[in-house]
Amino acid sequence: MLHSLILLGFLVSLVVLAIIRPMAGVVAFECFTFMSPQQETYGMTGALPVALIAGVATVVGCIVNREPKSFQPNSITVLVILFIAQATISTIFAMAPSSIVLPVYTDLLKSLGFLILVAALLTNRQRVHALVWLIVLAIGYYGVKGGLFTILTGGGDHVYGPPNSVLADNNQLAVALLTVLPLMNYLRVISAHRIVRIGMTIAMMLTVIAVVGTYSRGGFLALGAMSAFLWWNSKGKVKSGVLIAIGLVVAISIMPSQWTERMYSIQHYQKDASADDRLTVWRQAFGIAMANPLTGGGFKATATPSVIHRYYPGAHQRATHSIWFQLVSQGGFPMLGIFIALIIATVIKLHRIRWRTRGDPSLRWIDELCRMIEVSMIAFLVGGSFLSLGYYSLIYTLLLTVGALGAIVARVPARSAVRTTRDLARRPAPRAQPGGMMPSWRLRRDIQG
């Protein structure tokens, strides 16, 4: 009861502050969305729509205050809006009862709508860092906690997230932790404080151990893909390769034989009942999409008996267990196409931003953050290929953050067009022509430069 009262007081304080300073509402919304602390308490806070309350307070704050905002439509925000539009069309033509479909649609609409507002509020480095720190602390908490739990129990039990949340399942927790792991590395690299760098290094090690401790095979595959991509894009491949190898060896050495046997079953998925169930539901999901190519079957199509039995009589209803088959079965090929276009557009923007910030020390933080967000995307896409996380707000937060970073970079003058006093002082003085005139070609270059 005491924990519930403390959390309620924290919520009330943030709501009041959000009306004055909307960024505080962003902190509250993302905290309750990613961390779900209300599920760790007993009492009325567990039943309150705390994230919705924080979101409404933030919107009110943006209306009544002259909060600095920068909503500049870009390819990412446009595609997110198209994604919402396709989800709306799919909901209108959904086959499942409205009591099943509408709650999912409402949550998606609130989440993505608010994230577009969040992206508009990310106008400077301080605000972007506040969001990154919030994500790392909210989800990284379960990484540190899960890592310590795995060490103390010798890996004898699975690591789970908070109950009644998107992270409750061990597989989903593993993917979320892996998605956040590169952001931890970003804070470690960019921080000027030694204690922060040491703390993030320890948190990363414990998070890797927690991922292994979830016993998630999809998470283990995502860990391998993320490690390989991180190594390939690192500047010091020898040093980073050694550190990654040591981390993986330490994490795996803690685990008992049953963990090894479970991971070994990846090679023999044909004989695994869980893998066979996934393959079956993927075929069913694709079949629903083929029957309804423009709208799909609506939210939870494969998990609703009345929908799945329409196409596959006698089939067992189950979750899709893949972001790709989830999106195509629930929203048709347009929704899957929009999501793929969103990923491609984000990767293109990431590389454009990195090219734009290259060689500029003042923008090094953006370059590093873009590198780590790309690694986070790899971890999510690989791990999400085996989970129903097509609407997980964390990945859309990162994608929209990339759009905000592009807007920040666009406001910075191009480095090639900026000539400082020091740069000009280092340049040799041009030779004067007879009569004291500067060569015409040097004059034109100085004017153009």
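Residues numbered from 1 in each chain as written. Predicted model: local features only at pLDDT ≥ 70, side-chain atom pairs only at ≥ 80, totals over all residues. Heavy atoms only, no water.

A.B. asks: Looking at this structure, I do not really get the overall build of the chain. What am I missing?
C.D. replies: Within the chain, the regular secondary structure consists of 18 helices and zero strands. Looking at the chain residue by residue over its 449 residues, the buried ones come to 51%. Partitioning the intrachain contacts of the chain with sequence separation of at least 6 by distance along the chain shows that 78% fall at a separation of at least 24. Of the accessible surface of the chain, which amounts to about 21,300 Å², a share of 66% is contributed by carbon and sulfur atoms. (Helix = DSSP H or I, 4+ residues; strand = E, 2+ residues; numbered from the N terminus. Buried < 20%, exposed > 50% of the residue type's maximum accessible area, 1.4 Å probe, protein only. Contact = heavy atoms within 4.5 Å. Areas by Shrake-Rupley, 256 points an atom, 1.4 Å probe, with all protein chains shown as cover.)

A.B. asks: Whenever I open this one, a nonpolar patch on the surface confuses me. Can you help?
C.D. replies: Taken together, the side chains of Val12, Val16, Leu17, Ile19, Ile20, Leu52, Val56, Val59, Val60, Ile63 and Val64 define a hydrophobic patch exposed on the protein surface, amounting to about 900 Å² of accessible area. A total of six residues in the nonpolar patch trace back to one element, the largest contributor, which is helix α3 (residues 50–64). Residue placement: Ile63 occurs in helix α3. Residue classification places Ile63 among the exposed positions, given a relative accessible area of 66%. (Patch = residues over 30% accessible without salt bridge, like charges linked within 9 Å, V, L, I, M, F, W, Y side chains within 5 Å. Salt bridge = Lys/Arg side-chain N within 4 Å of Asp/Glu carboxyl O.)

A.B. asks: Help me understand the pattern of salt bridges in this model?
C.D. replies: Pairing between side chains becomes possible if they bear opposite charge and their charged atoms approach one another. In the structure shown here, the tally under the stated rule is three salt bridges. Two residues, Asp367 and Arg354, come together in a salt bridge whose shortest N-O distance is 2.9 Å. Of this pair, Asp367 sits in helix α15 (residues 364–384) while Arg354 sits in helix α14 (residues 323–357), placing them 13 residues apart in sequence. For Asp367, a relative accessible area of 12% translates into the label buried. Among the salt bridges present, the one from Glu368 reaches Arg371, with a minimum N-O distance of 2.8 Å.

A.B. asks: Please clarify how helix α16 (residues 393–410) should be interpreted in this entry.
C.D. replies: Working note: α-helix, 3.6 residues per turn, so residues spaced by three or four point in the same direction. Here α16 is 18 residues long and its end C-alpha atoms lie 26 Å apart, about the 26 Å a rise of 1.5 Å per residue gives. Of all 18 residues in α16, 17 are buried, a share of seventy percent or more. (Expected span 1.5 Å × (residues − 1).)

A.B. asks: I'm lost on unusual backbone geometry in this one. Help?
C.D. replies: It is generally the case that most residues other than glycine have a negative phi and that most peptide bonds are trans. Even without being glycine, Tyr215 reaches a positive phi, approximately 65°. Tracing the backbone shows Tyr215 in the loop between α8 (194–213) and α9 (217–232). The phi angle at His321 is positive, at roughly 60°, despite the residue not being glycine. With respect to the element layout, His321 can be found in the loop between α13 (305–311) and α14.

A.B. asks: Any chance you could explain the side chain of Thr295 here in plain terms?
C.D. replies: Mapped onto the fold, Thr295 is located in the loop between α12 (273–291) and α13. Not counting residues up to four positions away in its chain, the partners in contact with Thr295 are Gln86, Ile89, Ser90, Phe93, Gln330, Gly331 and Gly332.

A.B. asks: How should the packing of aromatic side chains be read in this particular structure?
C.D. replies: Any pair of aromatic rings gets described here by the distance separating the centres and the angle formed by the planes. Scanning the model with the defined rule gives 11 aromatic pairs in all. Judged by centre distance (5.4 Å) and plane angle (85°), the rings of Phe220 and Trp259 are edge-to-face. Here the residue Phe220 occupies a position in helix α9, and Trp259 occupies one in helix α11 (residues 257–264), the gap between them amounting to 39 residues. Exposure remark for Phe220: the relative accessible area of 28% places this residue in the partly exposed category. Taken together, the aromatic side chains of Phe83, Phe299, Trp324, Phe339, Tyr391 and Tyr396 make up a single cluster linked through ring pairs. (Phe/Tyr/Trp six-rings, centres within 6.5 Å; stacked < 30°, edge-to-face > 60°.)

A.B. asks: Help me understand the environment of Arg371 in this model?
C.D. replies: Along the chain, Arg371 falls in helix α15. Taking the C-alpha atoms as reference points, Arg371 and Tyr186, 185 residues apart in sequence, are found 8.7 Å from one another. Discounting residues that sit within four places of it in the chain, Arg371 has contacts with Asn233, Ser234 and Arg354.

A.B. asks: What exactly am I supposed to notice about α14 here?
C.D. replies: With 35 residues, α14 should cover 51 Å at 1.5 Å per step; its first-to-last C-alpha distance of 32 Å lies more than 12% under that length. At Gly331, α14 shows its maximal kink, close to 135°; a proline, Pro334, follows between one and four residues later. (Bend = angle between axes of the 7 residues up to and from the residue.)

A.B. asks: Looking at this structure, I do not really get the confidence of the model for the chain. What am I missing?
C.D. replies: Caution applies to low-pLDDT regions: their predicted coordinates should not be interpreted in detail. Averaged over all residues, the pLDDT of the chain equals 83, while 83% of them reach at least 70. Mean pLDDT across the secondary structure elements of the chain bottoms out at helix α18 (residues 440–448), with 42, and peaks at α14, with 96. Counted against residues more than four places away or in other chains, residues 416–427, with its pLDDT under 50, gives nine contacts. (pLDDT = per-residue confidence, 0-100.)

A.B. asks: Just checking my understanding: could you explain the environment of Leu173 for this structure?
C.D. replies: For Leu173, the position within the fold is in helix α7 (residues 170–190). For Leu173, a relative accessible area of 0% translates into the label buried. Residues Leu173 and Val159, 14 residues apart in the sequence, show an inter-C-alpha distance of 8.4 Å. Contacts of Leu173, omitting those with residues within four sequence positions, involve Tyr142, Val159, Tyr160, Gly161, Leu167 and Thr214.

A.B. asks: Can you help me understand the packing of α15 against α16 in this one?
C.D. replies: Helix packing geometry: the angle between the two helix axes and the distance between the axes. Where α15 meets α16, the axes come as close as 11 Å, and the angle between the chain directions of the two elements is 155°. The angle between α15 and α16 places the two elements in the roughly antiparallel class. As α15 runs across α16, the sense of the crossing is left-handed. Contact with α15, carried on its side by Trp365, Ile366, Leu369, Cys370, Ile373, Ser376, Met377 and Phe380, involves Ile395, Leu398, Leu399, Thr401, Val402, Leu405, Ile408 and Val409 of α16 and no other residues of that element. Its residues placed into classes, the contact of α15 with α16 shows 14 nonpolar, two polar and no charged. (Axes fitted to C-alpha atoms, helices over the stretch in contact; angles between N-to-C directions. Parallel < 35°, antiparallel > 145°, perpendicular 65-115°, else oblique. Left-handed = near helix turned anticlockwise from the far one by under 90°. Nonpolar A, V, L, I, M, F, W, Y, C, P; charged D, E, K, R; others polar.)

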